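If you want the building blocks of each chain, they are given just below.
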Amino acid sequence: MLSGMPSVFIRLAGCNLRCGWCDTKYASWYPESEPWSMEAILEGVELYPTRYVVITGGEPTIHPELAELTQELKARGKHITIETNGTSFMEGVACDLISMSPKLRHSIADAEMFPEEARIQMERRWNIASFKNWIDHHDYQLKFVFTSAADVEEIHELVGLIDRPIPADRIMLMPEGIDTAAIGRRAPEVVEVCRQQGYRYCARLHIDLFGNTRGT
Ligand code: SF4
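This report concerns the structure included in the present document. All residue numbers here refer to positions counted from 1 along the written sequence of the relevant chain. Residue-level local features of this predicted model are given only where pLDDT is at least 70; pairs of side-chain atoms are given and counted only at 80 or more, and the full residue set underlies all totals for whole chains, interfaces and linings. Only hydrogens and water are removed before side-chain values are computed, so all heavy atoms of the structure are retained for them.

### Focus: the site of the ligand
Move 1: Consider each residue's heavy atoms; a residue with any of them within 4 Å of a molecule or strand counts as near. Every residue near the ligand is listed here: Cys15, Leu17, Cys19, Trp21, Cys22, Thr24, Ser28, Gly58, Asn85 and Lys103.
Move 2: When residues are grouped by polarity, Ala, Val, Leu, Ile, Met, Phe, Trp, Tyr, Cys and Pro land in nonpolar, Asp, Glu, Lys and Arg in charged, and all others, Gly among them, in polar. Of the residues belonging to the shell around the ligand, the class tally is five nonpolar, four polar and one charged.

Given below as structure tokens:
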């Protein structure tokens, strides 16, 4: 658990999924970005006095340069976490923790308002072979956005399909919400499910500290 650890975040633009509640649509549905060279990213990381680096998005694994970036960071002694939806396994990645966040049904956008996005989400949100590969090749945790008790059944279904001995304490639940009030309302139910299942409660520290703002 690295919550609260001072870390440099590298947010890579673009995503292969279209979660309805995505809170970084500027990096996924409608990616906004300037090109950065590998050297510029590595120099930027060195400006911060921490060895902890989190690579997030969007979806980092859609970028072929990710493997090289992680190897360069590793050569500089960094501790690397990759936050991923898990659907596109990549060879050659050097990292200390894969924080994989498979998307549950509630991530599918309203099909009437967003038909194309809903179709993409339904088709792509689970890639079981890729989930297995990440788990087989890296230290990992599974993180789920929780909206209701029905999510637990779907988590059980997914764990069965992955067919690996995943300890319950590798599974983290975080309340859905983009402000502290919404998260607080859902938290007691999430705590109760964690108590029953042996899952870990995942606080949304960046929302508590900074709100739903860019750069956090
Ligand atoms: S996988 Fe992550 S970045 Fe991509 S749309 Fe879903 S929540 Fe947003």
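Don't stop here, the text continues.
### Some details on the sheet that holds strand S6 (residues 171-175)
Where strands meet in a sheet, backbone hydrogen bonds hold them as pairs that are either parallel or antiparallel.
Move 1: Should DSSP find at least two bridges between two strands, the strands are taken to pair. Numbering of helices and strands runs from the N terminus; a helix is a DSSP stretch of H or I covering at least four residues, while a strand is a stretch of E covering at least two. The strand order S1-S2-S3-S4-S5-S6-S7 describes an open sheet built from seven strands, whose pairing is parallel. Edge strands, defined here as strands with exactly one partner in the open sheet, are strand S1 (8-11) and strand S7 (200-201).
Move 2: Two elements, strand S5 (residues 140-146) and S6, share five bridges in a ladder whose sense is parallel. Note on S6: the bridge partner recorded for Phe146 is Pro175.

### Comments concerning a negative patch on the surface
Move 1: Exposure above 30% relative accessible area and no salt bridge define the residues that can form patches, which grow by joining like charges within 9 Å and nonpolar side chains of Val, Leu, Ile, Met, Phe, Trp and Tyr within 5 Å. For the accessible areas, the method is Shrake-Rupley and the probe is 1.4 Å, while residue cover comes only from the protein chains on display. Salt bridge criterion: a side-chain nitrogen from Lys or Arg within 4 Å of a carboxyl oxygen from Asp or Glu. Counting rule for charge: Lys and Arg are taken as positive, Asp and Glu as negative, and neither His nor the chain ends is counted. By convention, the point assigned to a charge is CZ for Arg, NZ for Lys, CD for Glu and CG for Asp. Where like charges cluster on the molecular surface, the negative patch consists of Glu39, Glu43, Glu65 and Glu68.
Move 2: Within the secondary structure, Glu39 is located in helix H1 (residues 38-46).

### Observations concerning the packing of helix H4 (residues 128-137) against helix H5 (residues 150-162)
Move 1: For the pair H4 and H5, the least separation of the axes is 9 Å and the interaxial angle reads 75 degrees. With respect to each other, H4 and H5 are oriented roughly perpendicular. Taken together, the residues of H5 that come into contact with H4 (itself represented by Ile128, Phe131, Lys132 and Ile135) are Leu158, Leu161 and Ile162.
Move 2: Its residues assigned to classes, the contact of H4 with H5 shows six nonpolar, no polar and one charged. Axis angles are defined between N-to-C directions and span 0 to 180 degrees, where every axis is a line fitted to C-alpha atoms and, for a helix, only to the segment in contact. Any angle that is under 35 degrees is reported as roughly parallel, and any over 145 degrees as roughly antiparallel; angles of 65 to 115 degrees are reported as roughly perpendicular and all others as oblique. Whether two residues are in contact is decided by their heavy atoms: any pair within 4.5 Å suffices.

### Concerning the packing of H1 against helix H2 (residues 66-75)
Move 1: In the contact formed by H1 and H2, the axes pass within 11 Å of each other and the chain directions differ by 40 degrees. Here H1 runs over H2; the crossing is right-handed. Mapping the contact onto sequence places Met38, Ile41, Leu42 and Val45 in H1 and Glu68, Leu69, Glu72 and Leu73 in H2.
Move 2: Looking at side-chain class alone, the contact of H1 with H2 contains six nonpolar, no polar and two charged residues. Handedness of each helix crossing follows the sense of rotation of the near helix against the far helix: counterclockwise by less than a right angle gives left-handed, clockwise gives right-handed.

### Here we look at the environment of Ser101
Move 1: Along the chain, the position of Ser101 falls in the loop between strand S4 (97-100) and helix H3 (115-124).
Move 2: Burial status follows relative accessibility: with a 1.4 Å probe on protein chains alone, a residue under 20% of its type maximum counts as buried, one over 50% as exposed, and anything between as partly exposed. When its relative accessible area of 10% is taken as the criterion, Ser101 is described as buried.
Move 3: Considering only alpha carbons, one finds Ser101 and Gly86, 15 residues apart in sequence, at a separation of 6.6 Å.
Move 4: When sequence neighbours within four positions are dropped, the list of residues in contact with Ser101 reads Thr84, Asn85 and Lys143.
Move 5: Distance and chemistry together define a polar contact, namely a pair of N or O atoms within 3.5 Å, with one atom able to donate a hydrogen and the other to accept it when in protein, and with adjacent residues in sequence counting only for side-chain atoms on both sides. In terms of polar contacts, Ser101 uses its side chain to reach the side chain of Lys103, at 3.0 Å.
Move 6: At 3.1 Å, the side chain of Ser101 forms a polar contact with the backbone oxygen of Lys143.

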